[in-house]
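# Summary of structural features
Spelled out from the first residue to the last, the chains are:
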Amino acid sequence: MKADELKNILKDYSKDELIKLYSKTYRMVPKERRETEVDEMIRSHGAKPEPKKKDEDFSTIREEILLFEDNALAQLYLRRNRSISEKKRRNWRFDVKRCIKYLDQIPEDSPNYAEATSLLLKTFHVLSTGCGIWLFSTDQPFQSVGIAQSKLFDMICVRALKQDDHGEILKSLIRQAAVCHVDYETLHDMLIDILLSEFNSPALLNEIIVLAKINMEEETDRFKTRRRSAFGDDQFWYKERMNNFTRLIMQAYICLDEADEGIRFFHEHFTEHSEEVKLYILLKYLAAFELYDLWIREYEAALRKKVKPRDSLKEAYEKIKKDYS
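This write-up is about the structure you can find in this document. Since this is a predicted model, take the numbers as computed values, not measurements. (Residues numbered from 1 in each chain as written. Predicted model: local features only at pLDDT ≥ 70, side-chain atom pairs only at ≥ 80, totals over all residues. Heavy atoms only, no water.)

Moving on: the overall build of the protein. Along the protein, the regular secondary structure elements total 17 helices and zero strands. Residues counted as buried form 42% of the 325 residues belonging to the protein. For the protein, restricting intrachain contacts to residue pairs at least 6 apart in sequence, the fraction spanning at least 24 positions comes to 63%. Roughly 20400 Å² of accessible area belongs to the protein as shown, and the carbon and sulfur atoms make up 52% of that amount. (Helix = DSSP H or I, 4+ residues; strand = E, 2+ residues; numbered from the N terminus. Buried < 20%, exposed > 50% of the residue type's maximum accessible area, 1.4 Å probe, protein only. Contact = heavy atoms within 4.5 Å. Areas by Shrake-Rupley, 256 points an atom, 1.4 Å probe, with all protein chains shown as cover.)

Printed below as a string of structure tokens:
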């Protein structure tokens, strides 16, 4: 009897009749075949096969991140194009989230550890750029990926600290902390705090100061040779970036118990149209580090230069003078 003929006959049987018929048929099968073939077939019948997991290796993830960087900076996720399918444009955030998870799980003893950290930094740079320039359909790419900007930055700092040779990536981290675009939940000060908290030994803090000064020189060279924006905001962004580097260096000096050197560097390099605003910013950092003797010194020095502090600073001065003099 052929299989189709058997199906036609069995379709008229009830459930109970099929059970009895199959039981009789089962007993007719030799015991050896029942145990090796038939039993397994019965147990597995109706069970859903386990989905095959896509095997991913480091080289695949590397290529995916590099392609994501090129496509994003070319704004190919923002509009229809022939390079990226509509599905890929919609699902970029899931792909990035998967890559970040994969790269962060690469252990310290892996030969790919350092490169994985560099790829995470590339991802951070692209997502940060998307906070200030339209690269995606959202101006909150970190939120879309499901990770805070500060958290991803901290993850990279922790990994970079474990590398034997971290000079190059530390220089890049310093630049990102000072110049990257930030989202609505992040401040440059937050990134600077993370950097100084992780790289907190005297040797590393001194290295940060040296590398930050090199970054400042390179930023000045870029500004001099950069093609001017049609919006005329180049000077503004240059000042903001240099001020961020200055705040970073000043705080690194303070962490090294070299506050006077940090204050001197701040006075020389921090640019602000109002001397009163500049004083306010400096005193804010000195108060954060509880350097109240220096706070009083800088406040009184500003008064001698005819700077007129705001009322809140006058009140703070009277209180600090009373409590810490």
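On the surface, E108, D109, D164, D165 and E168 cluster together into a patch of negative charge. Within the element layout of this structure, D109 appears in the loop between α6 (92-104) and α7 (113-129). Residue D109 is classed as exposed on the basis of its relative accessible area, which comes to 69%. (Patch = residues over 30% accessible without salt bridge, like charges linked within 9 Å, V, L, I, M, F, W, Y side chains within 5 Å. Salt bridge = Lys/Arg side-chain N within 4 Å of Asp/Glu carboxyl O. Lys, Arg positive; Asp, Glu negative; His and termini not counted. Charge placed at Lys NZ, Arg CZ, Asp CG, Glu CD.)

Taken together, the side chains of I9, Y13 and L21 define a hydrophobic patch exposed on the protein surface, amounting to about 240 Å² of accessible area. Residue placement: I9 occurs in helix α1 (residues 3-10).

Below, the discussion takes up the nonpolar core. The biggest cluster of nonpolar side chains holds 64 residues, and the ones touching the most others in it are L173 and L195. With eight residues, the single largest contributor to this core is helix α12 (residues 202-225). In this structure, L195 is in contact with F153, C157, L170, L173, I174, I208 and L248, ignoring residues within four places of it in sequence. By size, the runner-up hydrophobic cluster in this structure holds 23 residues, among which are F270, V307, Y317 and I320. (Core = buried A, V, L, I, M, F, W, Y, C linked by side-chain atoms within 4.5 Å.)

This brings us to the side chain of E272. Note that E272 resides in the loop between α14 (259-269) and α15 (275-288). For E272, which is buried and forms no salt bridge, the nearest opposite charge comes from K239, at a distance of 4.2 Å. There is a polar contact of 2.6 Å between the side chain of E272 and the side chain of H273. If near-sequence neighbours (up to four positions away) are discounted, E272 is found in contact with K239, V277 and K278. (Polar contact = N/O pair within 3.5 Å; in protein donor to acceptor, adjacent residues only side chain to side chain.)

This part is about the packing of helix α4 (residues 58-73) against α6. The contact between α4 and α6 brings their axes to 11 Å, and the two run at 135°. Relative to α6, the element α4 lies oblique. In the packing of α4 onto α6, the handedness of the crossing is left-handed. Counted together, F58, I61, E64, I65 and F68 of α4 and W92, D95, V96, R98, C99, Y102 and L103 of α6 form the full contact between these two elements. Of the residues assigned to the contact of α4 with α6, the class counts are nine nonpolar, no polar and three charged. (Axes fitted to C-alpha atoms, helices over the stretch in contact; angles between N-to-C directions. Parallel < 35°, antiparallel > 145°, perpendicular 65-115°, else oblique. Left-handed = near helix turned anticlockwise from the far one by under 90°. Nonpolar A, V, L, I, M, F, W, Y, C, P; charged D, E, K, R; others polar.)

What follows covers the packing of aromatic side chains. Describing an aromatic ring pair means giving the distance of the ring centres and the angle of the ring planes. A full pass over the atoms with the stated rule returns 13 aromatic pairs. With 6.0 Å between their ring centres and 40° between their planes, Y77 and F136 make a pair best called tilted. Taken together, the residues span a long stretch of sequence, with Y77 in the loop between α4 and α5 (86-90) and F136 in the loop between α7 and α8 (141-145) at a distance of 59 residues. The same class applies to Y77 as to F136, namely buried. Note on W92 and F136: the rings are 4.0 Å apart at their centroids and 15° apart in plane angle, and the pair reads as stacked. One end of the pair, W92, is in helix α6; the other, F136, is in the loop between α7 and α8, with 44 residues separating them in the sequence. Its relative accessible area of 0% is what places F136 among the buried residues. Each residue in the set F68, Y77, W92 and F136 is aromatic and connected to the rest through ring pairs, giving one cluster. (Phe/Tyr/Trp six-rings, centres within 6.5 Å; stacked < 30°, edge-to-face > 60°.)

An ideal rise of 1.5 Å per residue puts 18 Å on 13 residues; helix α9 (residues 149-161) measures up with 19 Å between its terminal C-alpha atoms. Of the positions making up α9, those classed as buried are Q149, S150, L152, F153, M155, I156, C157, R159 and A160. Packing partners of the buried residues in α9 comprise α6, α7, α8, α10 (167-179) and α11 (188-198). (Expected span 1.5 Å × (residues − 1).)

Counted by the stated rule, this structure contains 21 salt bridges. Residue E219 pairs with R175 through a salt bridge whose shortest N-O separation is 2.7 Å. Placement of the pair is E219 in helix α12 and R175 in helix α10, with a sequence separation of 44 residues. Side by side, E219 and R175 carry an identical accessibility label, which is buried. Taken together, the shared-partner salt bridges in this structure form one network comprising K171, R175, E218, E219, R222 and R241.

Nothing here speaks to function; it is geometry throughout.
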